[in-house]
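Here are the chains, one letter per residue:
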Amino acid sequence: MYAAGQALTSLSFRLAVADLRRSGLLRPDAPRAVIAETLAWVDATIVTFAVSIPVALVTHWASLCWALLPVTQKILRRVS
């Protein structure tokens, strides 16, 4: 339940930022680097917690997935 809550909350935040961008409600002087860094963490959170859900169903190592959040963030940055 915790992992699902985290993944859905992060997804909601990601969608909210996308809507702000689309509607032009972000300040023009908003630092793009800060926004990109924040979205990288949000994307990593979504992936990490979503992956931990099936892991939790078959093992007791879901919390290890959560500990790998910084690694996931770095991997996603390199891929994108």
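Scroll up a little and you will see the structure.
The following refers to the structure shown.

The next point concerns the packing of aromatic side chains. Tallied over the full model, the rule gives three aromatic pairs. Three or more aromatic residues link up through ring pairs in this structure, and these residues are Tyr2, Phe49 and Trp66.

We now examine the pattern of salt bridges. Applying the stated criterion across every chain, the model contains four salt bridges. The partner of Arg22 in a salt bridge is Asp19, and the shortest N-O contact between them spans 3.6 Å. With a gap of three residues between them, Arg22 and Asp19 both fall in helix H1 (residues 2-23), about one helical turn apart. The exposure class assigned to Arg22 is exposed, which follows from its relative accessible area of 63%. For the salt bridge of Glu37 with Arg77, the shortest nitrogen-to-oxygen distance reads 2.5 Å.

How each quantity is defined
Residues numbered from 1 in each chain as written. Predicted model: local features only at pLDDT ≥ 70, side-chain atom pairs only at ≥ 80, totals over all residues. Heavy atoms only, no water. Phe/Tyr/Trp six-rings, centres within 6.5 Å; stacked < 30°, edge-to-face > 60°. Salt bridge = Lys/Arg side-chain N within 4 Å of Asp/Glu carboxyl O. Helix = DSSP H or I, 4+ residues; strand = E, 2+ residues; numbered from the N terminus. Buried < 20%, exposed > 50% of the residue type's maximum accessible area, 1.4 Å probe, protein only.

Read these as spatial facts, not as claims about activity.
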